[in-house]
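Results of the structural survey
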Amino acid sequence: MLIGPRIRLLRKKKKISQEKLGIELSLSKTTISHYENESRIPSIETLIDIANYFEVDLNYILGLDNLIVSNKRTLQASDEEIEFLLEVRRLNVYNWVVSNPKKYAQFVESRLQ
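Quick summary incoming for the structure in this document. (Residues numbered from 1 in each chain as written. Predicted model: local features only at pLDDT ≥ 70, side-chain atom pairs only at ≥ 80, totals over all residues. Heavy atoms only, no water.)

**With respect to helix H2 (residues 18-25)**
- The complete set of buried residues in H2 reads Gln18, Leu21, Gly22 and Leu25. Buried residues in H2, looked at end-on, bunch into an arc of 100 degrees, giving them a common side.
- As for H2, its buried residues are in contact with helix H1 (3-13), helix H3 (29-36) and helix H4 (44-54).
- Following H2 by one or two positions, Ser26 has its phi on the positive side, about 60 degrees. (Buried < 20%, exposed > 50% of the residue type's maximum accessible area, 1.4 Å probe, protein only. Helix = DSSP H or I, 4+ residues; strand = E, 2+ residues; numbered from the N terminus. Arc of directions from axis to C-beta. Contact = heavy atoms within 4.5 Å.)

Here it is in structure tokens:
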């Protein structure tokens, strides 16, 4: 689950304490700590309040922002994997990579050896 780590990350980016976040959301510091440590899960109303406070999409807090969806399946990817895919899209050989993923993987692997 990503909810706790995402809340912690957002709080630290904003450079506020658990106590300050609790005050802003009318929650106790202990409740914020429980959310961040994932020993408790916030209600949907609280999740919406958190998303609004940090001005982020609720999907980000729920960890749904890193979903890759095709017409056949849905995969969750790390931020690093998504950055890699975005970088590959910028390459002139993108169409070749997409149409020959196994050959591309073999090529990369041979270069690393």
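**Remarks on the pattern of salt bridges**
- Per the counting criterion, the structure on display carries four salt bridges.
- Here Glu36 makes a salt bridge to Arg11, at a shortest N to O gap of 2.5 Å. One end of the pair, Glu36, is in helix H3; the other, Arg11, is in helix H1, with 25 residues separating them in the sequence. Side by side, Glu36 and Arg11 carry an identical accessibility label, which is buried.
- Measuring nitrogen to oxygen at the nearest pair gives 2.6 Å for the salt bridge that ties Arg90 to Glu87. (Salt bridge = Lys/Arg side-chain N within 4 Å of Asp/Glu carboxyl O.)

**Quick look at the packing of aromatic side chains**
- Under the definition given, this model contains two aromatic pairs.
- Measuring from centroid to centroid gives 4.9 Å for Tyr53 and Phe54, while their planes differ by 80 degrees, and the two rings are edge-to-face. Neither residue differs from the other here; Tyr53 and Phe54 are each classed as buried.
- Geometrically, the ring pair formed by Trp96 and Tyr104 is edge-to-face, given 6.2 Å between the ring centres and 80 degrees between the ring planes.
- The class of Tyr104 is buried, set by a relative accessible area of 17%.
- Residue placement shows Arg6 over the ring face of Tyr60; its charged tip is 4.2 Å from the ring centre.
- The ring centre of Tyr53 lies 4.3 Å from the NZ or CZ of Lys14, which sits over that ring. (Phe/Tyr/Trp six-rings, centres within 6.5 Å; stacked < 30°, edge-to-face > 60°. Lys NZ or Arg CZ within 6 Å of the ring centre and 35° of its normal.)

**A few points about unusual backbone geometry**
- Of note, the phi angle at Ser26 is positive, near 60 degrees, even though the residue is not glycine.
- Take Ser26: it is sitting in the loop between H2 and H3.
- For Ser26, a relative accessible area of 69% puts it in the exposed group.
- In this structure, Glu55 takes a positive phi of about 55 degrees despite not being glycine.

**Topic: the packing of H2 against H4**
- Two elements in contact, H2 and H4, have axes separated by 11 Å at closest approach and are oriented at 110 degrees. Compared by their axis directions, H2 and H4 come out roughly perpendicular. The segment H2 lies against H4, with Leu21, Glu24 and Leu25 engaging Asp49, Ile50, Tyr53 and Phe54. (Axes fitted to C-alpha atoms, helices over the stretch in contact; angles between N-to-C directions. Parallel < 35°, antiparallel > 145°, perpendicular 65-115°, else oblique.)

**A short note on the side chain of Arg11**
- Residue classification places Arg11 among the buried positions, given a relative accessible area of 9%.
- Apart from residues lying up to four places away in sequence, Arg11 is in contact with Ile16, Ser17, Gln18, Leu21, Glu36 and Phe54.

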